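Residue-level listing of the chains:
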Amino acid sequence: MQNSETAGFELMSDEELVRCYNGGVQDAFGELSVRYIFVIRSEAGKFYNMGIETDDLYQEGLVALHSAVKSYSDDGRASFRTYAGVCIRNRLLSAVRAANNNKNFINNVTVSIYDEPVEIPAPMTEPERIVVADEELNDVIRTAKRKLSELEFNVLSLYIDGNSYEDIAKLLGLSVKVCDNAMQRVRRKLKDLRK
């Protein structure tokens, strides 16, 4: 049963729902969760049997969706769908890596045979990992937005979301060649950042 406040949610765009939620309408996140559960499950399926339970991956995906809602900037550079997809994918990848690192923690610790005390670092807790992953993702997005043109950022976002050059060209109303050239510039710029 819907109340009058939530009755129109299904007619709203993702970006409108994000604005509603950030404006204090908590139920807007529920509608976004319903819309993105397929994306979360699809991305989680890519990591099946890789050291973390499927239900945990779903939870990580929902946390990533919430983080995307809180940090999304509706400046026209990327749709919320593209942004959320990247956030979800990166969060799941980080969760799988962290789970596997924690399993191998004992194997990776070496103890000196000398009489000197050895300090063994504690593994990061879940909240610490969440904060670090969110900060890393936000840094990457901020850097990409700063270094890339609007066209390059849009092409990159759509490409990361799994679209082919043909799909990107249709979505942006460009030729495939323009999209390919934009991605070549993106690769060069991002490669220069790693140096």
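Above this text you will find the structure in question.
This section reports on the structure supplied with the text. (Residues numbered from 1 in each chain as written. Predicted model: local features only at pLDDT ≥ 70, side-chain atom pairs only at ≥ 80, totals over all residues. Heavy atoms only, no water.)

## Regarding helix 1 (residues 14-22)
Going by this rule: Here's how the labels work: a residue is buried when its accessible area is under 20% of the maximum for its type, exposed when over 50%, partly exposed in between, all with a 1.4 Å probe on protein chains only. Put simply, DSSP H or I for four residues or longer makes a helix, DSSP E for two residues or longer makes a strand, and each gets a number counted from the N terminus.
Regarding helix 1, the residues found buried are Asp14, Glu15, Leu17, Val18, Cys20 and Tyr21. Looking one or two residues past helix 1, Gly24 carries a phi angle of roughly 110°, positive in sign.

## Quick notes on the packing of aromatic side chains
What characterises a pair of aromatic rings is the spacing of the ring centres plus the angle enclosed by the ring planes. Threshold: Note on aromatic contacts: the rings of Phe and Tyr and the six-membered ring of Trp form a pair at centre separations within 6.5 Å, being stacked when their planes are under 30 degrees apart, edge-to-face when over 60 apart, and tilted otherwise.
Evaluated as defined, the whole model comprises 4 aromatic pairs. Consider the rings of Tyr72 and Phe80, whose centres lie 5.3 Å apart with planes at 85°: the pair is edge-to-face. Here Phe80 falls in the buried class, since its relative accessible area comes to 0%. Plain terms: the ring middles of Tyr72 and Tyr83 are 5.5 Å apart, the flat faces sit at 50° to each other, and that makes the pair tilted. Here Tyr72, found in the loop between helix 3 (54-71) and helix 4 (80-103), pairs with Tyr83, found in helix 4; they are 11 residues apart in sequence, far enough to count as distant.

## Things to note about the nonpolar core
Rule in force here: We call a set of buried residues a nonpolar core when its members are Ala, Val, Leu, Ile, Met, Phe, Trp, Tyr or Cys and they connect through side-chain atoms within 4.5 Å of each other. The contact rule is simple, with two residues in contact once any of their heavy atoms fall within 4.5 Å.
In terms of nonpolar packing, the biggest core is built from 29 residues, with Leu32, Tyr36, Leu57, Val69 and Phe80 touching the most fellow members. For this core, the secondary structure elements donating two or more residues are helix 1, helix 2 (27-45), helix 3 and helix 4. Counting residues per element, this core draws most heavily on helix 4, which supplies 9 residues. Leu32 has contacts with Asp14, Leu17, Val18, Leu65, Val69 and Phe80, leaving out every residue within four places of it along the chain. Judged by nonpolar contacts, the second largest core, of 14 residues, contains Ala78, Val155, Leu158 and Val186.

## Describing the pattern of salt bridges
Cut-off, in case you're wondering: Definition used for salt bridges: Asp or Glu carboxyl oxygen within 4 Å of a side-chain nitrogen of Lys or Arg.
Applying the stated criterion to the full structure yields 8 salt bridges. The partner of Arg19 in a salt bridge is Asp74, and the shortest N-O contact between them spans 2.5 Å. With Arg19 in helix 1 and Asp74 in the loop between helix 3 and helix 4, the pair connects residues that are 55 residues apart, well separated along the chain. Owing to a relative accessible area of 47%, Arg19 belongs among the partly exposed residues under this scheme. Asp74 sits in the partly exposed class, given a relative accessible area of 43%. One salt bridge connects Asp75 with Arg77, and the closest N-O pair in it is separated by 4.0 Å.

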